[in-house]
Amino acid sequence: SEAAAALAAAAAVDEAAPPPPRDEAAYSLKGLEHKVKTPKQMLQEWVDKHQLQKPAYSLVSGAPRFRSRLAIGDRAWELPPSDTHGNLAFFADGPTAQHAVATRALYDLCGNVPLYHTMPPAYRAMWLHWRAVDARQERAQRERLESHRENFLQQYAAGPGPGAGSPQASRGPVAEEAPAEEEEEARGPARVAFEPLDPDPEADEALLAAQRRYAASQALASMRDARAALPAARHREELVRLLDDGHRVVLVSGATGSGKTTQ
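To keep things clear, this report deals only with the structure shown in the data block. All values reported here derive from a predicted model rather than from experimental measurement.

Parameters and conventions
- Residue indices begin from 1 for each chain and proceed along its sequence in written order.
- Where local features are concerned, this predicted model is filtered to residues with pLDDT of at least 70; where side-chain atom pairs are given and counted, the filter is 80 or more; whole-chain, interface and lining totals use all residues.
- Based on all heavy atoms of the structure, the side-chain values leave hydrogens and waters out of the count.
- Pairing between strands requires that DSSP locate at least two bridges from one strand to the other.
- Helix and strand assignments follow DSSP, with helices taken as H or I runs no shorter than four residues and strands as E runs no shorter than two, numbered in order from the N terminus.
- Axis definition: a line fitted to C-alpha atoms, over the contacting stretch in the case of helices. Angles run 0 to 180 degrees between N-to-C directions.
- Should an angle fall under 35 degrees it is called roughly parallel, over 145 degrees roughly antiparallel, and 65 to 115 degrees roughly perpendicular, with every other angle called oblique.
- Handedness of each helix crossing follows the sense of rotation of the near helix against the far helix: counterclockwise by less than a right angle gives left-handed, clockwise gives right-handed.
- What makes two residues a contact is simply this: any of their non-hydrogen atoms within 4.5 Å.

1. Side note on the pairing of strand E3 (residues 75-78)
One ladder, built from four bridges, connects strand E2 (residues 67-72) with E3; its direction is antiparallel. Bridge pairing in E3 places arginine 69 opposite glutamate 78. Between the end of E2 and the start of E3, which pair antiparallel, lie two residues, with glycine 73 showing a positive phi angle near 65°.

2. Here's the deal with the sheet that holds E2
A sheet is described by the order of its strands in space; here three strands give the open sequence E1-E2-E3, paired in antiparallel fashion. Two strands bound the open sheet, and with one partner strand each, they are strand E1 (56-61) and E3. Averaged over all neighbouring strand pairs, the angle between strand axes comes to 25°, with direction disregarded. Bridge analysis of E1 against E2 gives five bridges, and the strand direction is antiparallel. Following the sheet pairing, serine 61 is matched in E2 by arginine 67.

3. Some points on the packing of helix H2 (residues 39-49) against helix H3 (residues 94-110)
Contact geometry for H2 and H3: axes closest at 8 Å, N-to-C directions at 40°. The orientation of H2 relative to H3 falls into the category oblique. With respect to the hand of their crossing, H2 and H3 are arranged in left-handed fashion. Touching Pro39, Lys40, Met42, Leu43 and Trp46 of H2 are Gln98, His99, Ala102, Thr103, Ala105, Leu106, Leu109 and Cys110, all from H3.

The structure is reproduced here in structure tokens:
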């Protein structure tokens, strides 16, 4: 359908998205606060909707080049001064630095929601570039996992090396060679030596960042709310009590869609 195609297009990530503007003037919203929705306003609306603590901004560095820090409860954000992905960290004034770090917080908190559509152009470019960087890292991680999977299957298909697990290799010479079927049965399942996975801090950090974004996302909050509204959720304590009482079999009957399986 057209609606499904539109959703798919919105979810698509352009891995070749260019870095955001390097010109600090492109980020200035002076005189536009009442004409466009600023990143700070968008973040405040998101915080109010989810009943979180008010965002607290502070300066990491001041004039002539400003960099801001943002805290919401026990979480904090600031743009790194040496960004290898082409993003700016320093800006011409404090409010602009606050808008930039608010954009980063929004991306981390609800990156799966296309809020960038309504952002001023420079901040939209920041968001899209972060998405592109994360997408490239996730794709590289998938390719590494697929490569390890292929290596695993090839090693498993090849079986053990010469003499591995052989009764003769482990017990010394024997008077008479056993038939192939008996030897295979005595040897048991083939054991394959697998290559250990190399540590990948970059992939670890990318996966951790994705997990944190999901944990703080509106999608997960909505899913939890939906689960809590299912009829089966009201019987949670009763079901747990029955299991704690030692019942090995508990029959649950309910209408389709009441949450019998998922809950």
